[in-house]
Amino acid sequence: NAGVTQTPKFRILKIGQSMTLQCTQDMNHNYMYWYRQDPGMGLKLIYYSVGAGITDKGEVPNGYNVSRSTTEDFPLRLELAAPSQTSVYFCASSPGQGAGLVFGPGTRLTVT
Amino acid sequence: GIQVEQSPPDLILQEGANSTLRCNFSDSVNNLQWFHQNPWGQLINLFYIPSGTKQNGRLSATTVATERYSLLYISSSQTTDSGVYFCAVDRNDMRFGAGTRLTVKP
């Protein structure tokens, strides 16, 4: 069981570039989440999904897009990177409401 | 949206001391969890505790859902307890508080 895996671990983007952060879980969890954590701050919810084909916006969705075509994968897309998107991005999953979240190791993104 | 407030924001302890961390939330929730983020950034789920009391070794947590707060107790603290402690609440999605940064000195 690999749990929640995220790639890449680190990335530097130039302003205006696009990229996709990958997240995969092998626990057959229905719920998946994307959070960002700015330095010294808490986690802010970007998007979440309660199952394949279903996604919903969180607190800070602007500048991001997601898709959930399979139970295992929940990629996060940045279309036009901006310095304000410099952050650590965490993906998490859970079996459903009423169950603990399992976090991936995070992706550290810098936009310059 | 629901507001989650944690206190204190920072806490410095001597090894062996006890501490209580608090999480207040502004509305009824389906779920409440406590997490520890270690100095390397890894997030570990400590408790799923929408109500009642749970214990796991030196850590315990109590949630009083009717009064909209949860407490995390750390007894006989160790340097490895250092890091940031977050509570997160679930109404329709999981929202995090700003965290309590705990430093345990040897």
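Relevant structure appears above.
Basis of the calculations
Residues numbered from 1 in each chain as written. Chains lettered and ligands numbered in written order. Predicted model: local features only at pLDDT ≥ 70, side-chain atom pairs only at ≥ 80, totals over all residues. Heavy atoms only, no water. Buried < 20%, exposed > 50% of the residue type's maximum accessible area, 1.4 Å probe, protein only. Helix = DSSP H or I, 4+ residues; strand = E, 2+ residues; numbered from the N terminus. Pairing = 2+ DSSP bridges. Contact = heavy atoms within 4.5 Å. Buried area = accessible area lost by both parts, 1.4 Å probe. Salt bridge = Lys/Arg side-chain N within 4 Å of Asp/Glu carboxyl O. Polar contact = N/O pair within 3.5 Å; in protein donor to acceptor, adjacent residues only side chain to side chain. Nonpolar A, V, L, I, M, F, W, Y, C, P; charged D, E, K, R; others polar. Axes fitted to C-alpha atoms, helices over the stretch in contact; angles between N-to-C directions.

Observations concerning the pairing of strand β5 (residues 43-51) of chain A
Residues and elements named next belong to chain A.
(1) Moving on: Most of β5 is tucked away: seven of the nine residues are buried.
(2) Moving on: The hairpin turn running from strand β4 (residues 31-37) into β5, its antiparallel successor, is five residues long, and Gly 40 in that turn takes a positive phi close to 70°.
(3) Moving on: Bridging between β5 and strand β6 (residues 54-57) involves three bridges; their strand directions are antiparallel. Paired with Tyr 48 across the strands is Asp 56, a residue of β6.

Some points on the interface of chain A and chain B
(1) Moving on: Contacts between chain A and chain B engage 18 residues on the former and 20 residues on the latter.
(2) Moving on: It is A:Leu43, A:Gln97 and A:Phe103 in chain A that bury the most area against chain B; as a group they hold 29% of the surface buried on that side.
(3) Moving on: Linking chain A with chain B are one salt bridge.
(4) Moving on: Measuring nitrogen to oxygen at the nearest pair gives 3.6 Å for the salt bridge that ties A:Glu59 to B:Arg95.
(5) Moving on: Along the contact surface separating chain A from chain B lie three residue pairs in polar contact (both at pLDDT 80 or more).
(6) Moving on: When residues of the side of chain A that touches chain B are traced back to their parent elements, those giving at least two are β4 and β5 of chain A.
(7) Moving on: Classifying every residue of the side of chain A that touches chain B gives ten nonpolar, seven polar and one charged.

Description of the side chain of A:Gln6
(1) Moving on: Relative to the helices and strands, A:Gln6 is located in strand β1 (residues 4-7).
(2) Moving on: Apart from the residues lying within four places of it in its own chain, the contact partners of A:Gln6 are A:Gln22, A:Trp34, A:Tyr89, A:Phe90, A:Cys91, A:Gly104, A:Pro105, A:Gly106 and A:Thr107.

Some thoughts on the sheet that holds strand β3 (residues 19-25) of chain A
All names here are of chain A.
(1) Moving on: Spatially, β1-β3-β8-β7 is the arrangement adopted by the four strands of the open sheet, whose pairing is antiparallel. Since the sheet does not close on itself, it has two edges, and those belong to β1 and β7 (64-66), each with one partner. When the angles between neighbouring strand axes are averaged without regard to direction, this sheet yields 20°.
(2) Moving on: Across three bridges, β3 lies against strand β8 (residues 76-78) in antiparallel orientation. Bridge pairing in β8 links Leu 21 to Leu 76.

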